[in-house]
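Single-letter residue listing:
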Amino acid sequence: MRRRGSGSWRHGVRTEIPRVTVHVDGEPVSVPAGASVVAALALLDSLCTRISVGGEPRFALCGMGQCQECRVCIDGRPHQLACQAACRDGMRIDTGAAK
Ligand code: FES
């Protein structure tokens, strides 16, 4: 068995992916390291990234950085694309759903 950093390997394939904890609107959630922020939101059944000017809840649509529907505040930085950002341990994600 070869060792490549953390996690378990079998036949050259990683079998155990390390996890990180992020906070979505203050609620902790454990996700596989490198998962997208939108995946963390989905794990919490938090299917709202922001509220539109018309008052409608919005969520990720394209998943590839084009539609801008998935904008959230990450570690105090507004308008970050949840579909393009990878979760890091201790990351703070604020959605428009909490407002
Ligand atoms: S889901 Fe479309 S830009 Fe993120």
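See the structure shown above.
Residues numbered from 1 in each chain as written. Predicted model: local features only at pLDDT ≥ 70, side-chain atom pairs only at ≥ 80, totals over all residues.

Undergrad: Would you mind going over the pairing of strand S7 (residues 71-74) with me for this structure?
TA: Alternating positions in S7 separate cleanly, Val 72 and Ile 74 being buried on one face and Arg 71 and Cys 73 remaining unburied on the opposite face. Two strands pair when backbone bridges link them, and S7 and strand S8 (residues 77-81) are joined in this way by three bridges, in the antiparallel orientation. Note on S8: the bridge partner recorded for Arg 71 is Leu 81. (Buried ≥ 20, exposed ≤ 12 C-beta atoms within 10 Å, placed from the backbone. Helix = DSSP H or I, 4+ residues; strand = E, 2+ residues; numbered from the N terminus. Pairing = 2+ DSSP bridges.)

Undergrad: Would you mind showing me how to read the environment of Thr 49 here?
TA: Residue placement: Thr 49 occurs in the loop between helix H1 (37-43) and strand S5 (50-51). Thr 49 sits 20 residues away from Glu 69 along the chain, and the two C-alpha atoms are 7.4 Å apart.

Undergrad: Can you walk me through the nonpolar core in this structure?
TA: One recurring pattern in soluble globular proteins: nonpolar side chains tend to sit buried together. With 17 residues, the main nonpolar core has Val 22, Val 37, Val 38, Ala 40, Cys 70, Ala 82 and Ile 93 as its most contacted residues. Mapped onto this core, the elements with two or more residues apiece are strand S3 (19-24), strand S4 (27-32), H1 and S7. Among the elements that make up this core, the one with the highest residue count is H1 (four residues). Contact partners of Ala 82, with chain neighbours within four places excluded, come to Ser 36, Val 37, Val 38, Leu 41, Thr 49, Ala 60, Cys 70 and Val 72. (Core = buried A, V, L, I, M, F, W, Y, C linked by C-beta atoms within 7 Å. Contact = placed C-beta atoms within 7 Å.)

Undergrad: Looking at this structure, how should I read unusual backbone geometry?
TA: Residues other than glycine predominantly adopt negative phi, and peptide bonds predominantly adopt the trans conformation. Backbone geometry places Asp 45, a non-glycine residue, at a positive phi of 55°. On the basis of neighbour counts, which here come to 6 C-beta atoms within 10 Å, the residue Asp 45 falls in the exposed class.

Everything listed here is a matter of geometry and, on its own, says nothing about what the molecule does.
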